[in-house]
Amino acid sequence: MKLYNFTDLLQVAKQREFKALGSFNLHCLEMLPAFFKAAEKTNSPLMIQISTGTAKYLGHKLLVDAIRSLSESRNVPTCLHLDHCSDLDAIQTALDAGFSSIMYDGSHLSIEENIANTRRVIDMARPLHVSVEAELGAIGGSEDGKEVEMNDASFTTVDDAKRFVEETGVDMLAISIGTVHGLYTGKAHIQHQRLADITDATKTPLVLHGGTGVSDDDMRLAVRSGIEKVNVGTEMNVQWVANCKQTFEKGKVNDSVRNFLVPANDAVTNVLVEKISLFR
């Protein structure tokens, strides 16, 4: 089975009565079966996103081959997405390996530089039928070693979003509307009117980064208001690590390592199933 780009996978999701796609951060190969189990349980297509750090750790080709094989054997339409990458050489490496979706992150640049670089990435990706995501506005918190102080976070404006989409033709746009990357101990305050206005102005799939701390009601409303891709990472990672700490601490040195990982993977599946249910 081929790997889908985001645009094509979103159509599959909508045929199955989902309003948005979850895009789930993979940190190690041991997590992969848990992802596909959640997709099977929910009859959802699957979008797996990889940080540049994970891609270097596991290897681009191994990721492509493993995910394509599982997609075919489980009959789950799947997209493989490179997340938060500002390095055009690294993007080219992912494209050459067979990734089907790319995020160029120029949110730290001026809007002019962000537009120019996003257009370069689109020129690289479009001949390969690979979808491109960009980010506009500064989302606070930490993502794959990139830190944005909360005081430096800035919300995406309607005018900038409209200009960005018109001048790039990007396939999806991540916007800053009140969420935070990484762990968030309080309740995120989503700016729903800003989201609705950006949706009306751009008519382009919008992406919600930093879903941790977003209430279920807020998530459902965001999905109804134009968010069509939701990044999910921290909650899965927290559950996986917490379960591994327990099982490794109780285990014996001659136990099979796979027995330590089963509860962690089950926890990951449960998080994915819960999140996917919010996207209908």
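See the structure shown above.
Because the structure is a prediction, the values reported are computed rather than measured.

1. Structural notes on the overall build of the protein chain
Counting its secondary structure elements, the protein chain contains eleven helices and eleven strands. Its C-alpha atoms give the protein chain a radius of gyration of 18 Å, within 12% of the compact-globule value 19 Å for 280 residues. Seen through its C-alpha atoms, the protein chain measures out along the principal axes to roughly 60 × 40 × 35 Å. For the protein chain, the residues scored as buried account for 55% of the 280 residues in total. Accessible surface computed for the protein chain: about 12300 Å², of which carbon and sulfur atoms make up 48%. Between the mean site of the 28 positive side-chain charges and the mean site of the 37 negative ones, the protein chain shows a separation of 7 Å.

2. Structural notes on the nonpolar core
In this structure, Phe35, Ile48, Phe99, Ile102 and Leu173 are the most contacted members of the largest nonpolar core, which totals 85 residues. In this structure Leu173 touches Ala134, Glu135, Leu136, Ala161, Phe164, Val165, Pro205, Leu206 and Val207, once residues within four positions along its chain are discounted.

3. Describing the pairing of strand S1 (residues 21–25)
Counting buried positions along S1 gives five out of five residues, so the element sits mostly inside the fold. Neither face of S1 is left uncovered, since the one carrying Leu21, Ser23 and Asn25 and the one carrying Gly22 and Phe24 both have all their residues buried. In the sheet, S1 pairs with strand S11 (residues 227–232) via four bridges, with the strands oriented parallel. Bridging across to S11, Phe24 finds its partner in Val232. Sheet topology note: the S1/strand S2 (residues 46–50) ladder contains three bridges and is parallel. Bridge pairing links Phe24 to Ile48 in S2. Note that the unit made of S1, helix H2 (residues 32–42) and S2 has a crossover that is right-handed.

4. A short note on unusual backbone geometry
Phi is positive for Asn75, which is not a glycine, with a value near 55°. Take Asn75: it is sitting in the loop between helix H4 (60–74) and strand S3 (78–85). Although it is not a glycine, His84 sits at a positive phi angle of roughly 40°.

5. Examining the pattern of salt bridges
Counting across every chain of the model gives eleven salt bridges. Of the charged contacts, one joins Glu235 and Lys275 as a salt bridge, the two residues approaching to 3.0 Å between their closest N and O atoms. Residue Glu235 is located in helix H10 (residues 234–250), and its partner Lys275 is located in helix H11 (residues 257–276); the two are separated by 40 residues in the primary sequence. In this structure, a network of salt bridges that share partners links the residues Glu112, Arg163 and Glu167.

6. Some words on the sheet that holds strand S10 (residues 206–208)
Where strands meet in a sheet, backbone hydrogen bonds hold them as pairs that are either parallel or antiparallel. Strand order in the closed barrel formed by eight strands is S1-S2-S3-S4-S5-S8-S10-S11, with parallel pairing between adjacent strands. Between one strand axis and the next, the sheet turns by 25° as a mean value, whatever way the strands run. Looking at chain direction, S2 and S3 are connected through five bridges and run parallel. Among the inter-strand pairings, Leu46 is bridged to a residue of S3, identified as Thr78. Strands in contact with helix H8 (residues 192–202) are strand S8 (172–175), S10 and S11; relative to S10, the strand with the most contacts, it is inclined by about 150°.

So, how was this worked out
Residues numbered from 1 in each chain as written. Predicted model: local features only at pLDDT ≥ 70, side-chain atom pairs only at ≥ 80, totals over all residues. Heavy atoms only, no water. Helix = DSSP H or I, 4+ residues; strand = E, 2+ residues; numbered from the N terminus. Rg over C-alpha atoms; globule rule 2.2 N^0.38 Å. Buried < 20%, exposed > 50% of the residue type's maximum accessible area, 1.4 Å probe, protein only. Areas by Shrake-Rupley, 256 points an atom, 1.4 Å probe, with all protein chains shown as cover. Lys, Arg positive; Asp, Glu negative; His and termini not counted. Charge placed at Lys NZ, Arg CZ, Asp CG, Glu CD. Core = buried A, V, L, I, M, F, W, Y, C linked by side-chain atoms within 4.5 Å. Contact = heavy atoms within 4.5 Å. Pairing = 2+ DSSP bridges. Right-handed = clockwise from strand over helix to strand, strands pointing away. Salt bridge = Lys/Arg side-chain N within 4 Å of Asp/Glu carboxyl O. Axes fitted to C-alpha atoms, helices over the stretch in contact; angles between N-to-C directions.

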